[in-house]
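Commentary on secondary and tertiary structure
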Number of protein chains: 2
Amino acid sequence: MTMGPKAKIPARKAPASRKTTLVRWNNALQSRDEINEAKRLALVRTAGTAFKARGFHNTSLEDLAAALNVTKPTLYYYIDNKQDLLYRCHQYALDLGDQAHDYARDGQDGLEKLLRMLSRYIELMTDDFAAYSLLSDLNDLSEEHKTAIQKRRRAFDTVFRNFINEGIQDGSIRPCDPMLTVAWFMGAVNAIPRWFDTKGRMTGADVAAAYADLLTRAIRA
Amino acid sequence: MTMGPKAKIPARKAPASRKTTLVRWNNALQSRDEINEAKRLALVRTAGTAFKARGFHNTSLEDLAAALNVTKPTLYYYIDNKQDLLYRCHQYALDLGDQAHDYARDGQDGLEKLLRMLSRYIELMTDDFAAYSLLSDLNDLSEEHKTAIQKRRRAFDTVFRNFINEGIQDGSIRPCDPMLTVAWFMGAVNAIPRWFDTKGRMTGADVAAAYADLLTRAIRA
DNA sequence: CCTACCGATCGGTAGG
DNA sequence: CCTACCGATCGGTAGG
């Protein structure tokens, strides 16, 4: 059933229906969908944090439910199953990568774009639980989800490789093997969540700056 | 019971005992202990390979037993339990690190020692299943084993940090933050098993040379 | 969103 | 080194 702009006058003969509820308080309240999405997000974030702290297989759905003050069956309203939950963690982290990509476009040359993307990615990653999935074993995903994640990761790496090729063309980066160079620094970057401590002496921006500096020295023309 | 050189003449009145068996065929055969150790090693290597391919929790002891053509209970003669097996995988990988350390001592200055250790470590790592444990979740170890592994890993990192400090002193390495620099390139190095393919276009030595080159450019004075 | 429950897997052991 | 088996955990579902 498609309809135009939301009706402002309650439909006749529908006094206490769900639909009228939606406009009460002038929509100051979240819609049902928004509430569900917020709950799902809370679940994903809780899961990411717990998986990182104790591991995927050492965290039961019961644990997660307890952390959210609900019971296990309740979780199944928001996710299909445990693997689906892990998949959502991965998606979340990859979305950060896309954000970093958007930020990179403003760079002047290949090297600058590369550095912008790298720095932004590190900042987003250190800022968030999302880092968990970078440490995760892809074998814990279903075959289809695993393929999907690998594809997105490859696409992310390809963006980096293209920036390197661009930099070699425009003279900002010395000739090098793009595949190997990306493997090198992405390995370093994706390992950050293993040791980074939010309450440590360095901020995420500090790490980003330091890593960008090391990379620059290694590959600039 | 301690005794001198192994007796060459069978002890009197011990015609068919274990002890006499040991010198048969002039010791061309392995001793019982050596055989057991060889079997244990086969188990550890099989486990490392399987864990890497499918993950620790997605590999049952039954799977491992089947791969070795024995039954599950048999495995318990060689290991205490599954966690113990994982622990042995970690030990094995860390032993490679020690080998690399030995090889590094011959370097002339800080930078050269660092590069020798790094290259050797990469070569050993790409050559072997052992790489699995680098990808493993330490939370799958018992508390004591986890602590022990973390301690050895820290010691390994400290060697690298000391080489960097040495290099800064002797002028072969530019001033930099040793902790951060080690975190950077060890992240890159430990990620190699995620993508390295024994049958790919690059050998382990190729990767070692390329990574050493990138590191050199990033930190030399 | 909960109570109650099932089924399967799997690490580990007994006993020979 | 094997046959046989136990106990516990845990993902997932029924039904309301």
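Now for a quick tour of the structure. Please read these numbers as outputs of a predicted model, since none were measured by experiment.

For the rest of this paragraph, the subject is the protein's contact with DNA strand C. Around DNA strand C, a shell composed of 14 residues is seen, among which A:Thr71, A:Thr74, A:Tyr78, B:Lys72 and B:Lys82 lie nearest. Close to the protein, within 4 Å, the atoms of DNA strand C are drawn from sugar and phosphate at a rate of 54%. One of the side-chain nitrogen or oxygen atoms of A:Thr74 is found 2.6 Å away from a phosphate oxygen of DNA strand C. Take A:Tyr78: an N or O atom from its side chain is 2.8 Å from a phosphate oxygen of DNA strand C. Mapped onto the surface near DNA strand C, the elements with two or more residues apiece are helix 4 (72-75) of chain A together with helix 4 (72-75) of chain B.

Another aspect to go through is the environment of A:Asn165. For A:Asn165, the location among the structural elements is in helix 8 (residues 143-170). Considering only alpha carbons, one finds A:Asn165 and A:Leu111, 54 residues apart in sequence, at a separation of 9.5 Å.

With that settled, the discussion passes to the side chain of A:Arg40. Residue and element names in this part refer to chain A. In this structure, Arg40 sits in helix 2 (residues 32-54). Judged by its relative accessible area of 18%, Arg40 is buried. Beyond its immediate chain neighbours, meaning those up to four positions away, Arg40 contacts Tyr77, Tyr78 and Arg88.

The next subject is the interface of chain A and chain B. Accessible area lost on assembly of the parts is the figure often given for the size of an interface. Listed by partner, the interface residues are 34 residues for chain A and 34 residues for chain B. The largest share of the area that chain A buries against chain B comes from A:Leu180, A:Trp184 and A:Leu214, three residues that together contribute 27% of it. Joining chain A to chain B, the criterion identifies four salt bridges. The partner of A:Arg201 in a salt bridge is B:Asp177, with the nearest N and O atoms 3.2 Å apart.

On to the relation of the copies chain A and chain B. Rotating chain A by 180 degrees and translating it 0.0 Å along the rotation axis places it on chain B, where the RMSD comes to 0.1 Å. The operation mapping one copy onto its partner corresponds to a two-fold rotation axis.

Residue and element names in this part refer to chain A. With respect to the helices and strands, Tyr78 occurs in the loop between helix 4 and helix 5 (82-104). On a C-alpha basis, the gap between Tyr78 and Leu43 in space is 8.3 Å, while along the polypeptide they are 35 residues apart. With near-sequence residues (within four places) excluded, Tyr78 lies in contact with Asn36, Lys39, Arg40, Leu43 and Arg88.

All names here are of chain A. Despite not being glycine, Asn69 has its phi angle at roughly 60 degrees, a positive value. One can find Asn69 in the loop between helix 3 (61-67) and helix 4. Take Asn69: its relative accessible area is 71%, and that puts it in the exposed class.

Residues and elements named next belong to chain B. The N-to-C vectors of helix 6 (residues 110-126) and helix 8 (residues 143-170) enclose an angle of 150 degrees; their axes lie 7 Å apart at closest approach. Regarding the angle of helix 6 to helix 8, the classification is roughly antiparallel. Across from Gly110, Leu111, Lys113, Leu114, Met117, Leu118 and Tyr121 in helix 6, the residues of helix 8 making contact are Phe156, Val159, Phe160, Phe163, Ile164, Glu166, Gly167 and Asp170. Looking at the contact of helix 6 with helix 8, its residues break down into ten nonpolar, two polar and three charged.

On to the pattern of salt bridges. By the definition in use, this model includes 26 salt bridges over all chains. Two residues, A:Arg217 and A:Asp213, come together in a salt bridge whose shortest N-O distance is 3.2 Å. Within this pair, A:Arg217 and its partner A:Asp213 are both found in helix 11 (residues 204-219), separated by four residues, close to a single helical turn. With a closest N to O distance of 3.2 Å, B:Arg88 and B:Asp84 form a salt bridge. Here the residue B:Arg88 and the residue B:Asp84 both occupy positions in helix 5 (residues 82-104), the gap between them amounting to four residues, near one helical turn. What makes B:Asp84 buried here is its relative accessible area of 6%. A cluster of three or more residues bridged by salt bridges with shared partners is formed by A:Asp95, A:Asp98 and A:Arg152.

About the criteria used
Along every chain, residues carry numbers that run from 1 in the direction the sequence is written. Chains and ligands are labelled by the order in which they are written, letters from A for the one and numbers from 1 for the other. The predicted nature of this model means local features are confined to residues of pLDDT at least 70 and side-chain atom pairs, given and counted, to a pLDDT of 80 or more, with totals for whole chains, interfaces and linings taken over all residues. Heavy atoms from the whole structure form the basis of all side-chain values; hydrogens and water molecules are not counted. Whether a residue is near a molecule or strand is decided by its heavy atoms; if any one of them lies within 4 Å of it, the residue is near. Here a polar contact means two N or O atoms within 3.5 Å. Within protein one must be a hydrogen donor candidate and the other an acceptor candidate, and residues neighboring in sequence count only if both atoms are side-chain atoms. Where helices and strands are cited, they refer to DSSP runs of H or I of at least four residues and of E of at least two residues respectively, numbered from the N terminus. Partly exposed residues are those whose accessible area sits between 20% and 50% of the maximum for their type, while under 20% is buried and over 50% is exposed, using a 1.4 Å probe and protein chains only. Here a residue-residue contact requires only that any non-hydrogen atoms of the pair lie within 4.5 Å. The term buried area denotes the loss of accessible surface (1.4 Å probe radius) that occurs when two parts are joined, taken as the sum for both partners. Here, a salt bridge means any Lys or Arg side-chain nitrogen found within 4 Å of an Asp or Glu carboxyl oxygen. We superpose the copies by least squares over the C-alpha atoms of residues that have a pLDDT of at least 70 in both of them. For every element, the axis is a line fit to its C-alpha atoms; helices are fit only across the contacting stretch, and the angle between N-to-C directions ranges from 0 to 180 degrees. Orientation is classified from the angle alone, with under 35 degrees giving roughly parallel, over 145 giving roughly antiparallel, 65 to 115 giving roughly perpendicular, and any other angle giving oblique. Under the grouping applied here, Gly and all other residues not named as nonpolar or charged are polar, the nonpolar ones being Ala, Val, Leu, Ile, Met, Phe, Trp, Tyr, Cys and Pro and the charged ones Asp, Glu, Lys and Arg.

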